[in-house]
Amino acid sequence: MFDMQNYGDLLFPLVARQRLAPHGIEIVPVAPTGRSAGLADAITPIPAARMLSGEEDFDAVLIGGGYLIHNHPMTFLTEYINDEVSDWASSALWLGATLAAALADVPVLWNAPGVPHVLGRGVHPFTIAALRAASYLSLRDRGAAELLAPPPDLPLAIVPDTIAGIGALWSSQQLAAAYRGFLERKGANRTARHMTLHLRDRSVAGLDMAVLAAKIDAFAQTNGLTPLLVAVGRNHDDPRTANRLAKHLKQPHVLLDDPLSLCEMTAVFAHSALYIGASLHGYVACVAHRVSSVLVARPAYRKFAGFLEHTGRSEDMARDWDAALDKAAAKPAGAAPPISAEVLARLDEHWTRVLDGVDESGRGAGARRDFLRDVLRMGLDNRGPSWALAPFLSPSGSRPIRRDENA
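Computed from a prediction, not measured in an experiment: that's the story for all the values here. (Residues numbered from 1 in each chain as written. Predicted model: local features only at pLDDT ≥ 70, side-chain atom pairs only at ≥ 80, totals over all residues. Heavy atoms only, no water.)

Participant: Would you mind showing me how to read the pairing of strand E8 (residues 226–230) here?
Facilitator: In regular strands, side chains alternate between the two faces of the sheet. The buried fraction of E8 is high, at five of five residues. What you see with E8 is no split at all: Thr226, Leu228 and Val230 on one side and Pro227 and Leu229 on the other are buried throughout. Both strand E7 (residues 194–198) and E8 contribute to a ladder of four bridges, which runs parallel. Counted as the bridge partner of Met195 is Pro227 from E8. On the question of chirality, the crossover connecting E7 to the parallel E8 by way of helix H8 (residues 209–223) is right-handed. Two strands pair when backbone bridges link them, and E8 and strand E9 (residues 254–256) are joined in this way by three bridges, in the parallel orientation. Following the sheet pairing, Leu229 is matched in E9 by Leu255. (Buried < 20%, exposed > 50% of the residue type's maximum accessible area, 1.4 Å probe, protein only. Helix = DSSP H or I, 4+ residues; strand = E, 2+ residues; numbered from the N terminus. Pairing = 2+ DSSP bridges. Right-handed = clockwise from strand over helix to strand, strands pointing away.)

Structure follows, in structure tokens:
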């Protein structure tokens, strides 16, 4: 969802560009709308309808990452409702993208997306057809594979979330300059050691914010830290949630609820003394820069355990804020271990497979033709809509996706 202001979503094109541009590949993000996300270094996408119109000339389609493989109506975004794309916004980015690739006869490559839920039976035959049309199929964790349940004869790679490569996006000098600029912009103490906190509404649902703030105040005072609240997702109401906590804090604190860029947010994560939060990609950015971190898995989505399994850091997951503060207190002083060379090597292998898929454009042509044939046949057999998947499988009967589930 590259038209949403959400940290992780907007990083995926930057990571892909950093990996693929040296090989002469230009990344063009596609989103339900062509709206800018409003951050200086986020790439403005083209709308999905333009991708499907036949007017765009492209050489491959890269699907993901993020919690992308579902067809729930995206009714929590006013912009999507106003632009009349909320019903098909999510499925346009994988089913619609597969259709666009098949019509253009170019490779479909999966960039390790996630799967939030089991897809309904009505979607299943179209999903299988889309999976078979992919020249390279990857998911970001075993939980996603269990939910998607691809046919056993399909080669499937389980790849760490590609944001684990964020350490290569900006130099230490760039991040240091962005951090200095942030502190100056906020009038913050330049010598303070920050405990960076991210709260998503799902992670504090039902909690008394005054009580949570008191616990954070006590932890910060005991450990000589200044709370720094980072709102990574405007479209997920993160600024409002951060402000709800901030008004109860008694200790001096800093609030980043108006980020200027992805680099600025990454700089804040990279220069933290400690991270405690509910953002997976906030956690990933911190561990990539060797910041001691605790991931608040409330609720415990499979993507959390999946990334921690890849990196061997299951002890970093806490099921609630009390447990998170306890885990943080028990962490050893100093920098955290780096992301292992094994994880980074698996990402290298993933991007090599993506490059191979782009270069070998003829591979999979038969599967793409089969996709078009199967979609047409299923429509004629009254097993579902066919042309343009009408549109991308009508979500009637599907429950709308909630704001927190698209995190």
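Participant: What is the right way to read the packing of helix H4 (residues 89–104) against helix H5 (residues 124–133) from this model?
Facilitator: Between two packed helices, what matters for the description is the angle formed by their axes and the separation of those axes. H5 packs onto H4 with a crossing angle of 60° between their chain directions and a minimal axis gap of 10 Å. Accordingly, the angle class assigned to the pair H4 and H5 is oblique. When the axes of H4 and H5 are compared, the crossing they make is left-handed. For the pair H4 and H5, contact is made by Trp94, Leu95 and Thr98 and by Phe126, Thr127, Ala130 and Ala133, respectively. Considered class by class, the residues forming the contact of H4 with H5 number five nonpolar, two polar and no charged. (Axes fitted to C-alpha atoms, helices over the stretch in contact; angles between N-to-C directions. Parallel < 35°, antiparallel > 145°, perpendicular 65-115°, else oblique. Left-handed = near helix turned anticlockwise from the far one by under 90°. Contact = heavy atoms within 4.5 Å. Nonpolar A, V, L, I, M, F, W, Y, C, P; charged D, E, K, R; others polar.)

Purely geometric numbers; function is a separate question.
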